[in-house]
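Understanding the architecture of this molecule
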Amino acid sequence: MPTLGLHKDFLREFAQLEKKVRTKVADAFDKFEHSSATGQHLEKLSHGRDPRLKTIRIDRFYRGVVLAPDGGDSFLLLKVLPHDDAIDWALKHRASVNTATEGIELRNDIALEQLGPGLAKVGADGTARPLFGHVSDADLTRLGIDAQILPIARRLDTEDMLDALRPILPEHQYDVLFGLAVGMSADEVWREIVQTQLAAGLESAADAAGAGAPQDDLAAAMSRAQDRIALVSGPAELMDLLERPFDAWRIFLHPSQHRIAYRPSYNGPARVTGGPGTGKTVVALHRAAHLAAALPDDAPDDAILLTTFTRDLAAELRRSLHLLVTDPEQRRRIRVVNIDALASEVLRGDRNTDRLSILTDQRDVTARWGRIARRLELDRTAAFLDQEWRHVILAQGIGTAEEYLKASRAGRGTALGPLKRAQVWRAVTAFTEELRSTDTWTFHQVCDEAARILDRRSAGGEPRLFRHVLVDEAQDLHPGQWRLLRAATEIGRPDDLFLAGDPHQRIYGNKVSLRSMGISVTGRSHRLRINYRSTHEIVAWSAALLTGEAVDDMDGGDDRLSDYRSAFHGSRPVLSGHPTKAGELDALVRQIRTWTDDSAVPAEEVGVAVRFVQFGKDIAAALVRAGIPATVLGSSSVPAAGVRIGTMHRLKGLEFRCVAVAGVSEGTVPMRNALTPAEVDAQQHQEDLLGELSLLFVACTRAREALHVSWHGEASPFLAPAAAGG
Ligand SMILES: Nc1ncnc2c1ncn2[C@@H]1O[C@H](COP(=O)(O)OP(=O)(O)OP(=O)(O)O)[C@@H](O)[C@H]1O
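Here is what the cut-offs are and how they apply
- Residues numbered from 1 in each chain as written.
- Predicted model: local features only at pLDDT ≥ 70, side-chain atom pairs only at ≥ 80, totals over all residues.
- Heavy atoms only, no water.
- Domains from an automatic or database assignment.
- Buried area = accessible area lost by both parts, 1.4 Å probe.
- Salt bridge = Lys/Arg side-chain N within 4 Å of Asp/Glu carboxyl O.
- Polar contact = N/O pair within 3.5 Å; in protein donor to acceptor, adjacent residues only side chain to side chain.
- Helix = DSSP H or I, 4+ residues; strand = E, 2+ residues; numbered from the N terminus.
- Nonpolar A, V, L, I, M, F, W, Y, C, P; charged D, E, K, R; others polar.
- Buried < 20%, exposed > 50% of the residue type's maximum accessible area, 1.4 Å probe, protein only.
- Contact = heavy atoms within 4.5 Å.
- Pairing = 2+ DSSP bridges.
- Axes fitted to C-alpha atoms, helices over the stretch in contact; angles between N-to-C directions.
- 1 Å grid on protein atoms, 1.4 Å probe; cavity = no way out; pocket = protein on both sides within 12 Å on 5 of 7 lines; lining within 4 Å.
- Points joined across faces, edges and corners; volume = space filled by probe spheres on them.

**Quick notes on the domain arrangement of the protein**
When the domains of the protein are assigned, the result is domain 1 (3-189), domain 2 (253-528) and domain 3 (565-724). Counting each side, the surface lost to burial between domain 2 and domain 3 is near 1,800 Å², with a carbon and sulfur contribution of 51%. The largest share of the area that domain 2 buries against domain 3 comes from Pro276, Asp312 and Ile507, three residues that together contribute 27% of it. Where domain 2 meets domain 3, there are two salt bridges. Among the salt bridges present, the one from arginine 650 reaches aspartate 312, with a minimum N-O distance of 3.0 Å. Where domain 2 touches domain 3, the interface holds six residue pairs in polar contact (both at pLDDT 80 or more). Tallying contributions element by element places helix H14 (residues 311-324) first for the side of domain 2 that touches domain 3, with four residues. Looking at the side of domain 2 that touches domain 3 residue by residue, the class counts come to five nonpolar, nine polar and eight charged.

Below, the structure is given as C-alpha cells:
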C-alpha cells in the first residue's frame, strides 16, 4: 500500500483554488493510489535539483508537485499550481532530512545558492552586528542548521532580513533562527522547538511503524514531521481532509501545541497564552479530547466542562469539538456551555424553577444605578457606582459595610474616604434590595450565588460537578465566574483547570489576577508564538495598534507580542478614509465586490466588523442594494447566506478569509460612551481605552488573507501608530 502524505501548506493553498480545480485535484488523487505503485502518473523532470520531485497532471492548466522516491511507495503532495509555475517550483526545490529533528524539510535550493555571494558580510564595515553573533556554530548545528544555511545565517543582521528569507528557508531551520533572533537561548530553542518535534516525531514514526506502514527513509522522515505532514490511510481520509482544508488543526498540531495539549497530566491548573490565531482554542479542544480519552470507562457523561465567556463562543466550541471528537461516547463526556448559562442552570436547579429573571441589558443596569444615585442625591455617576460594585464589591465578594470600609480599591483611580464609602454602600444596598424585591438578578449575582450553592453542596458531601474544567477566552472572565469555576471542580487535583486566553484581547473590562482567585499556574503556563490564521502583514499591522501598551498577563507580569509571528505572507492591509458615510459605504461595497468577484472568495468567507450594530445594518442594506447577499449576525439565529456583518464583540472567536473593519472613525472607535470620563476615574478611563483598543485589535485579527480598515470623517486616533508603521 502506498503512503500518501499532504503538506499542510498545500491544504491552505488548496482552499484558495477555484472550485473546479479543487474537484479535479480530488479526482486525480482519488485515482492516484490505484496506479501509483508503478509511478506511472508521475512525470520526471530533467535538470531538477531533486530527482525525487515529480509532477502530476491535474487538468490542462494545473499540475501537482509530488515528492516521490524512485522505486518507493511513499508520496508527498506539496503543491498544485498553474502548469509552468508547478514545473518551475519543482525544478528549484530540494527535500532533505533535518539533522536535528530527522523530519523532512524543503528548501528553495536555487534561491539559497544564488543568495550566498549576494549577502554582504555582516560586521565587515563595523556598522552592523550579526544577528546570531551570540550563538556558536556548534549550537547552530546542534539545533539543525545545516552546512548550506549556516553561512547565510552568519550574514544576517536584522530580523527583517531573516523574515525576507523565510519563503526559501527550510521551515524548521527558520523556526530555530527566529527563536534565537527574538532572544531565546540555544537551550530554550532546543527544548521548545527541536526536542518537542523530535519527541512528537519519534512517537508518530513509531505509530506508523506499528501500523505496518513502509519505513523507507522518506516515509520515516515524513512521519517525523507530523506538524507539517499528514499521512493519510486511503482515499476516504484524503477526501475528508480536502473537503475541510481550513480544519487542518484537527490533524496538524505544532509540536509546541502538541506538547501542551497531550501532556499526560498537569499537577494543578495549567494555562496556554499567545496572540490571536496562535491556536489556543485548538489546544484547549485537543486537551479536552485527551482528557476525555483518559477518563476511566465508567466515567459519567459530562464529566468534563469546556466553557467560555459568551453563548456564541460556546456554540463555536461545540461545532469544533464535533469535528475533532468523532466518537460519540467520548463526546458525551464533554459538556460545552458558556459560563453564565451554567450559572443560571445551577441557580434554577437549586430553586427548582425553569424561570429566572435576569437583567441581560447593561443599559438597564446603568439606568437603575442612575435612578438610585438621584434618589439618594449622590454625587456619583451611574457608571462609577456600577464599576465600584463589580470591580471592588462583587470582585472581592464583599458582603457588609464594614468589609467594604476596609477593602482594597487597587485598580480604581479615585480615592474614597470612609464617608464616601458609606454613601456608596447605601447605593449598593438600595440596588441589591431593589433587585431582590422583584426577584431579579444580574449575571454577576447569578454566578456568585451559583458558586455558593456548589460550595454548599460539596461541604454536604456531594461530588463536584466536573472532573476537569477547561476555559477558553479566560482573559474575559470576572471574579464571580472564576469563583463558580473553582466551585465546579475539585481544585488541587491533577488537571483541575486548563485555561486558554490572551490578555491582549480582553474586551469585557474584567481585569483579574489569577493568584487573587487562588489559582496558581506557576510552572504550568505556556505561550504559543506562531499565528496560523492571518498573514504576517495582517499580524504585524494589527500588533502595531497596541505598540507601547502595557498589558498585564493575569499572573503578576506583563504580556507581550514581540515574539509573535505569522506562518505565511500575503498582501498588506488597506486603509481607506472618506469624507462622508456614503463615501465609505460605496468604497466598502466596491472592496467586497473585488473579493467576491475577482478573487472568487465566497460571500460567507467575508466578514465585516463594526463598533455598533446600526452601522452594520446600514452596510447590509448597501450590500444588498448592490446585489451582494449579506447578513447581520444576531446573538442566536443561524446566519443566512452572504457576507457576515457583526459587531466587533460578536466577531470574536470567528475568522474569515477577508475582513473589513468599518466605521473606524473618531468618536466611534473608541466609542465615546464606553469610556469612563477621565475626570470621574482616570485609571478606569485608561482601562476603558485599552479595552476599546483591544476590541479593534480583535476585529482586525479575524482576517486570514485580506484586511480592509475604513472610516469616514476623522480617522480613529487608534490608527495612528499602525499607520505610522506603514
Ligand atoms: N497547528 C496548526 N496548523 C494549522 N492550522 C492551525 C494550527 N493551529 C491553529 N490553526 C488554525 O489557526 C486558526 C486560529 O486558531 P485558534 O482559533 O485556535 O487560535 P486562538 O489562539 O484561539 O485565536 P484567538 O485568540 O484569536 O481566538 C484556526 O483557523 C485554526 O484552525
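**Examining helix H22 (residues 479-488)**
Along H22, eight of the ten residues are buried, which leaves the element largely enclosed by surrounding structure. Buried within H22 are the following residues: Pro479, Gly480, Gln481, Trp482, Leu484, Leu485, Ala487 and Ala488. Where the residues of H22 are buried, they touch strand E10 (304-307), helix H16 (339-351), helix H21 (443-459), strand E14 (468-471) and strand E15 (497-500).

**Points about the sheet that holds strand E26 (residues 703-712)**
One key point about sheets: their strands pair by backbone hydrogen bonds, in either a parallel or an antiparallel sense. Strand order in the open sheet formed by six strands is E21-E26-E25-E22-E24-E23, with parallel pairing between adjacent strands. The outermost strands of the open sheet, each flanked by one partner alone, are strand E21 (574-578) and strand E23 (630-632). Sheet twist, expressed as the mean angle between neighbouring strand axes with direction ignored, is 20°. Relative to strand E24 (residues 643-647), strand E22 (residues 606-610) is paired through four bridges, and the arrangement is parallel. From the neighbouring strand, glycine 607 faces E24, where its bridge partner is arginine 644. Contacting E21 and E26, helix H23 (residues 536-545) runs over the sheet at an angle of about 45° to E26. Of the strands in this sheet, E22, strand E25 (656-661) and E26 are in contact with helix H27 (residues 682-700), which crosses E25 at around 140°.

**With respect to unusual backbone geometry**
The phi torsion of most residues other than glycine is negative, and most of the peptide bonds are trans. Going from valine 669 to proline 670, the amide bond is cis rather than trans, its omega being 5°. Among the secondary structure elements, proline 670 is positioned in the loop between E25 and H27. For glutamate 102, which is not glycine, the phi dihedral falls at a positive 65°. As for its placement among the helices and strands, glutamate 102 is situated in the loop between strand E6 (93-97) and strand E7 (104-108). On the basis of relative accessible area, glutamate 102 is assigned to the partly exposed category, the value being 34%. Positioned with a positive phi, aspartate 302 is a non-glycine residue whose angle comes to about 60°. Mapped onto the elements, aspartate 302 comes out in the loop between helix H13 (280-294) and E10.

**Some thoughts on helix H18 (residues 382-394)**
Across the 13 residues of H18, eleven count as buried, placing the element largely inside the fold. Taken together, the buried positions of H18 are occupied by Ala382, Phe384, Leu385, Asp386, Gln387, Glu388, Trp389, Arg390, Val392, Ile393 and Leu394.

**Some words on empty space enclosed by the protein**
All chains considered together, the criterion is met by four cavities of 30 Å³ or more. Roughly 130 Å³ of internal volume is contained in the largest cavity. Lining the largest cavity are 13 residues, with Glu192, Ile193, Arg529, Ile530 and Arg565 positioned closest to its centre. Put simply, the parts of the chain that give the lining of the largest cavity at least two residues each are helix H8 (171-181), helix H9 (186-210) and strand E16 (525-528). Across the lining of the largest cavity, the residue classes break down as six nonpolar, three polar and four charged. Among the domains, domain 1 (3-189) and domain 2 (253-528) are the pair contributing at least three residues each to the lining of the largest cavity.

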